[in-house]
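# Remarks on the overall topology
The chain contents come next:
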Amino acid sequence: QVQLVESGGGLVQPGGSLRLSCAASGSFFSIATMDWYRQAPGKERELVAAITSVGGTNFADSVKGRFTISRDNRKNTVYLHLNSLQPEDTAVYYCHSRRYAVDYWGKGTLVTVSS
């Protein structure tokens, strides 16, 4: 059973930074592509960033140049570094991975950007 647990969300002022963490259980982590999604109030869930098992990354246009993604395979953890945060980044951020055609999601961590 794969479990994903996010942490690191909170309230931050515009222009601020946060680091989100996603701790994964299971032995699959080192070979899995890991993703971060977000869902803002009243909007659909969207892909924010992804990182492959060998460190290749991909970002949504809305966060390019502001967010980075990294992973530590020794700790089974993937990180999302949020910089230059804006109010429109306010959302619940979810960790995701797909294994044998099954989608696994964390419960999410709330990021609120407000002055």
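Located above this text is the structure these notes cover.
Numbers given for residues are sequential positions, taken from 1 along each chain in its written order. Local features in this predicted model are restricted to residues whose pLDDT is 70 or higher, and side-chain atom pairs enter the listing and the counts only when it is 80 or higher, whereas totals over whole chains, interfaces and linings include all residues. Here the side-chain values reflect all heavy atoms present in the structure, with hydrogen atoms and water set aside.

## Some points on the overall build of the protein chain
In this description a helix means any DSSP run of H or I spanning at least four residues, a strand means any run of E spanning at least two, and both kinds are numbered starting from the N terminus. Along the backbone of the protein chain there are zero helices and 11 strands. Beginning at the N terminus, the succession of helices and strands in the protein chain can be written as β-β-β-β-β-β-β-β-β-β-β. Whereas a compact globule of 115 residues would reach a radius of gyration of roughly 13 Å, the protein chain reaches 13 Å, a difference of no more than 12%. In terms of principal-axis extent, the alpha carbons of the protein chain reach across some 40 × 25 × 20 Å. Burial classes: relative accessible area under 20% of the type maximum marks a residue as buried, over 50% as exposed, and values in between as partly exposed (1.4 Å probe, protein chains only). Residues counted as buried form 43% of the 115 residues belonging to the protein chain. Within the protein chain, contacts between residues at least 6 apart in sequence are counted, and of these 51% link residues at least 24 apart. Using a 1.4 Å probe, accessible areas were evaluated by the Shrake-Rupley method; residue-level cover was limited to the displayed protein chains. When the accessible surface of the protein chain is summed, it comes to about 6,200 Å², and 48% of that surface belongs to carbon and sulfur atoms. The globule rule is 2.2 Å times the number of residues to the power 0.38, and the radius of gyration it is compared with is taken over C-alpha atoms. Throughout, a contact is declared for two residues whenever any of their heavy atoms are within 4.5 Å.

## Some details on the environment of Gly65
With respect to the element layout, Gly65 can be found in the loop between strand S6 (57-59) and strand S7 (67-72). Looking at Gly65, the relative accessible area reads 83%, which means it is exposed. Gly65 sits 18 residues away from Asn83 along the chain, and the two C-alpha atoms are 8.7 Å apart.

## Here we look at unusual backbone geometry
Of all residues except glycine, most have a negative phi; of all peptide bonds, most are trans. In this structure, Tyr100 takes a positive phi of about 50° despite not being glycine. Mapped onto the secondary structure, Tyr100 falls in the loop between strand S9 (91-99) and strand S10 (102-105). Among the residues examined, Tyr100 registers a relative accessible area of 70% and is labelled exposed. The backbone of Ala101 shows a phi angle near 65°, a positive value even though the residue is not glycine.

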